[in-house]
Amino acid sequence: MSDQRKSKRSFVSTLVAILFIGVALAGLLVVRVYRFVFRRGIVSLGSLKFPVLVIQPDGMRPFAEWDSVRLERFPKGDVRTPVNGTVLIDSDFNMFTQERVERKREGDLKIIARYLLPDMRVKYTFDVRRVKGGGKDAAMTRLLQCPGFSENGSMRDAVARQTTLAGVLDVLELYKPIEAIPAAPAVAEAVDAVATQDSESGEPLP
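Next up on the list: the pairing of strand β6 (residues 95-104). Where strand β5 (residues 87-89) meets β6, three bridges bridge the pair, whose relative direction is antiparallel. Within the sheet, the bridge partner assigned to I89 lies in β6 and is M95. In terms of strand pairing, β6 meets strand β7 (residues 121-130) through six bridges, oriented antiparallel. Within the sheet, the bridge partner assigned to Q98 lies in β7 and is V128.

Empty pockets left among the atoms are what a rolling probe the size of a water molecule brings to light. Counted by the stated rule, this structure contains one cavity of 30 Å³ or more. Counted as a void, the largest cavity has a volume near 30 Å³. Of the residues assigned to the lining of the largest cavity, the class counts are five nonpolar, three polar and one charged.

Time to look at unusual backbone geometry. Cis geometry marks the peptide bond from F50 to P51; its omega dihedral reads 5 degrees. Relative to the assigned elements, P51 resides in the loop between β1 (42-43) and β2 (52-55). Within the chain, R100 stands out as a residue other than glycine whose phi angle is a positive 50 degrees. As for its position among the elements, R100 is in strand β6. Positive phi, close to 60 degrees, is recorded for E173, a residue that is not glycine.

Moving on to helix α4 (residues 136-144). Among all positions in α4, only A139, M140, L143 and L144 are buried. Taken around the axis of α4, the buried residues stretch over an arc of 125 degrees, which confines them to a single face. Looking at the buried side of α4, the elements it contacts are β2, β5, β6, α5 (153-160) and α6 (165-171).

Another point: the packing of α4 against α5. At a closest axis distance of 11 Å, the pairing of α4 and α5 adopts a crossing angle of 165 degrees. With respect to their mutual orientation, α4 and α5 come out roughly antiparallel. As α4 runs across α5, the sense of the crossing is right-handed. In contact with M140, L143 and L144 of α4, α5 contributes R156, V159 and A160. A breakdown of the residues in the contact of α4 with α5 according to their chemical character gives five nonpolar, no polar and one charged.

Moving on to the confidence of the model for the protein chain. Mean pLDDT over the protein chain: 80, with 68% of residues reaching 70 or higher. In this model, residues 182-186 is a region of pLDDT below 50 whose contacts with residues beyond four sequence positions or in other chains number two contacts. Contacts from residues 196-200, a stretch scored under 50 in pLDDT, to residues over four places away or in other chains number ten contacts.

This part takes up the environment of M95. The residue M95 is located in strand β6 in this model. For the pair M95 and G133, spaced 38 residues apart in sequence, the C-alpha separation works out to 8.8 Å. Sequence-distant contacts of M95, defined by excluding residues within four places in its chain, comprise V87, L88, I89, R129, R130, V131, A138, A139 and R142.

This part covers the packing of aromatic side chains. With the rule as written, the count across this model stands at one aromatic pair. Positioned above the aromatic ring of F63 is the side chain of R80, whose terminal nitrogen or guanidinium carbon lies 5.5 Å from the ring centre. The ring of F93 has K136 lying over it, and the distance from NZ or CZ to the ring centre is 5.7 Å.

This paragraph deals with the pattern of salt bridges. Where charged atoms of side chains with opposite charge meet at close range, the side chains can pair. A full pass over the atoms with the stated rule returns five salt bridges. For the salt bridge of E99 with R129, the shortest nitrogen-to-oxygen distance reads 3.0 Å. One end of the pair, E99, is in strand β6; the other, R129, is in strand β7, and 30 residues separate them in sequence. Each member of the salt-bridge network shares a partner with another, and the members are E65, D78 and R80.

Conventions we followed
- Residues numbered from 1 in each chain as written.
- Predicted model: local features only at pLDDT ≥ 70, side-chain atom pairs only at ≥ 80, totals over all residues.
- Heavy atoms only, no water.
- Pairing = 2+ DSSP bridges.
- Helix = DSSP H or I, 4+ residues; strand = E, 2+ residues; numbered from the N terminus.
- 1 Å grid on protein atoms, 1.4 Å probe; cavity = no way out; pocket = protein on both sides within 12 Å on 5 of 7 lines; lining within 4 Å.
- Points joined across faces, edges and corners; volume = space filled by probe spheres on them.
- Nonpolar A, V, L, I, M, F, W, Y, C, P; charged D, E, K, R; others polar.
- Buried < 20%, exposed > 50% of the residue type's maximum accessible area, 1.4 Å probe, protein only.
- Arc of directions from axis to C-beta.
- Contact = heavy atoms within 4.5 Å.
- Axes fitted to C-alpha atoms, helices over the stretch in contact; angles between N-to-C directions.
- Parallel < 35°, antiparallel > 145°, perpendicular 65-115°, else oblique.
- Left-handed = near helix turned anticlockwise from the far one by under 90°.
- pLDDT = per-residue confidence, 0-100.
- Phe/Tyr/Trp six-rings, centres within 6.5 Å; stacked < 30°, edge-to-face > 60°.
- Lys NZ or Arg CZ within 6 Å of the ring centre and 35° of its normal.
- Salt bridge = Lys/Arg side-chain N within 4 Å of Asp/Glu carboxyl O.

What follows is the structure, encoded as structure tokens:
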């Protein structure tokens, strides 16, 4: 009778182990399929070659940013804050779109600190998806579709003649700020380090 019980327990343990492995493999398969289907084309922001030209879908005049930090952090209420559908053209004329844009939630500490540091920037996160069929011709076509070029034919022609993004930025009179983003005050750095709520959740934007 004892041997039968041991055999039964061994069988149950083996079955549980098989089920556990099966569930784990199924979960791994789901993750891989998700990444392949839904995350295909997603790249890291750091893989873009800066500066980048930013074209928002609301018809706002294109602007440029010279580092990834400036694409993620903006003063509160800034009209340039990220929105879904924004097109990024990097210095190699690769095109990308911003997707799943979220504004980081601010913890109580950061809300209080904002009264002391009104210029504290709001952080945004988003996916960067490479646009298929990109390249210089496609990027220039997209750029020349922006509002304003139809009313300013000379600027449109000048932009169309450029062979580098640096040349495009020069025609559009978009220049790198004399100073990089000022070093955040020690208080702001401490707030960002302590306010872990900011990195744990976000507010999805339309």
